Amino acid sequence: MKRLLLPLLAALALPSIIDAKPYPRHKFTCPDSGGNCNEEERAVVKLVNDKYWKMLSDRIKENKHYKYPWYFVYKDSRECKYRVGAKEDMPTHVVNMEWIEVDICKKTSKILYRDGRYR
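Each chain has its residues counted from 1, running along the sequence as written. With the structure being a predicted model, the display of local features is reserved for residues of pLDDT at least 70 and the display and counting of side-chain atom pairs for 80 or more, all residues being used for whole-chain, interface and lining totals. Only hydrogens and water are set aside; all other atoms, that is, all heavy atoms of the structure, feed into the side-chain values.

Peer 1: Looking at this model, I keep getting lost on the overall build of the chain. Mind explaining?
Peer 2: Broken down by element type, the chain carries two helices and five strands. What counts as a helix is a DSSP run of H or I of at least four residues, what counts as a strand is a run of E of at least two, and both are numbered from the N terminus. Traced from its N-terminal end to its C-terminal end, the chain shows the element sequence α-β-α-β-β-β-β. Throughout, a contact is declared for two residues whenever any of their heavy atoms are within 4.5 Å. Across the chain, every contact between residues at least 6 apart in sequence was considered, and the portion connecting residues at least 24 apart equals 42%. For every accessible area listed, the method is Shrake-Rupley and the probe measures 1.4 Å; residues are considered covered only by the protein chains on display. Counting every atom, the chain has about 8,600 Å² of accessible surface; 58% of that belongs to carbon and sulfur.

Peer 1: It is not clear to me how the sheet that holds strand E2 (residues 70-75) should be interpreted in this structure. Could you clarify?
Peer 2: Either a parallel or an antiparallel arrangement is found when strands of a sheet pair, and the pairing is made through backbone hydrogen bonds. In space, the five strands of this open sheet follow the order E1-E2-E3-E4-E5, with mixed pairing throughout. The outermost strands of the open sheet, each flanked by one partner alone, are strand E1 (27-29) and strand E5 (108-112). In this sheet, adjacent strand axes meet at a mean angle of 30° when their direction is disregarded. We treat two strands as partners when DSSP finds at least two bridges between them. For E1 and E2, the ladder comprises three bridges, and the chain directions are parallel. The residue of E2 that forms the bridge with Thr29 is Phe72. Axis lines are fitted through C-alpha atoms, for helices just across the contact stretch, and the angle between N-to-C directions can take any value from 0 to 180 degrees. The sheet strands contacting helix H2 (residues 39-59) are E1, E2, strand E3 (81-89), strand E4 (94-103) and E5, and the helix crosses E4 at an angle near 130°.

Peer 1: What's the story with the environment of Ile111 in this structure? I'm lost.
Peer 2: By secondary structure assignment, the location of Ile111 is in strand E5. Between the C-alpha atoms of Ile111 and Glu98, which are 13 residues apart in sequence, the distance is 6.9 Å.

Peer 1: Please clarify how unusual backbone geometry should be interpreted in this entry.
Peer 2: Apart from glycine, the bulk of residues carry a negative phi angle, and the bulk of peptide bonds sit in the trans form. Here Cys80, not a glycine, exhibits a phi torsion of approximately 70°, which is positive. If you trace the backbone, Cys80 turns up in the loop between E2 and E3. Judged by relative accessible area, Cys80 falls into the buried class, the value being 12%. We call a residue buried when its accessible area falls under 20% of the maximum for its residue type, exposed when it is over 50%, and partly exposed in between, using a 1.4 Å probe and counting protein chains only.

Peer 1: Would you mind showing me how to read the pattern of salt bridges here?
Peer 2: Pairing is possible between side chains that carry opposite charge, provided their charged atoms lie close to one another. By convention in these notes, a salt bridge is any Lys or Arg side-chain nitrogen within 4 Å of a carboxyl oxygen on Asp or Glu. Evaluated as defined, the whole model comprises six salt bridges. A salt bridge links Lys46 to Asp50; the shortest N-O distance between them is 3.2 Å. Highlighted residues: Lys46 and Asp50, both in helix H2, separated by four residues, approximately one helical turn. With a relative accessible area of 56%, Asp50 lands in the exposed category. The network of salt bridges with common partners includes Asp76, Arg78, Arg83 and Glu101.

Peer 1: Would you explain the side chain of Asp103 in this entry?
Peer 2: Along the chain, Asp103 turns up in strand E4. For Asp103, a relative accessible area of 6% puts it in the buried group. By the criterion applied in these results, polar contacts are pairs of N or O atoms within 3.5 Å in which, for protein atoms, one can donate a hydrogen and the other can accept it, and in which residues neighboring in sequence qualify only through two side-chain atoms. At a separation of 3.0 Å, a polar atom in the side chain of Asp103 contacts the main-chain amide nitrogen of Cys105. Here the side chain of Asp103 touches Lys106 through a polar contact of 3.2 Å, landing on its backbone nitrogen.

Here it is in structure tokens:
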């Protein structure tokens with residue numbers, strides 16, 4: 001009986017393992033929410049990852065400490081608007097790479113210059 005059960009379980013699990021895509025291993029923090037992010041803030045991180053993941057992770061791929069972006073999500077005063085600070089985590093400090101403005105209602109995101117204008 002045990003000999004039949006193990007191959008059966010493996011056969012059921014194998015298709016889900018094959019179709020699974022690795023999800024990016026980023027960190028995110030929501031300072032306005034006390035560090036714990038709500039569903040809207042998680043949707044903001046997903047929008048940023050969908051559009052900018054490759055660009056941001058390519059910029060820090062040589063980082064020996066942590067090779068993935070760390071997102072700081074801030075709620076803007078306007079409805080549906082968020083600002084995300086994409087940062088690089090280093091052993092002694094955190095470096096800001098980009099500021100990204102996200103509108104979750106329209107599902108858009110734009111990288112900002114340092115003075116607040118769009119690129």
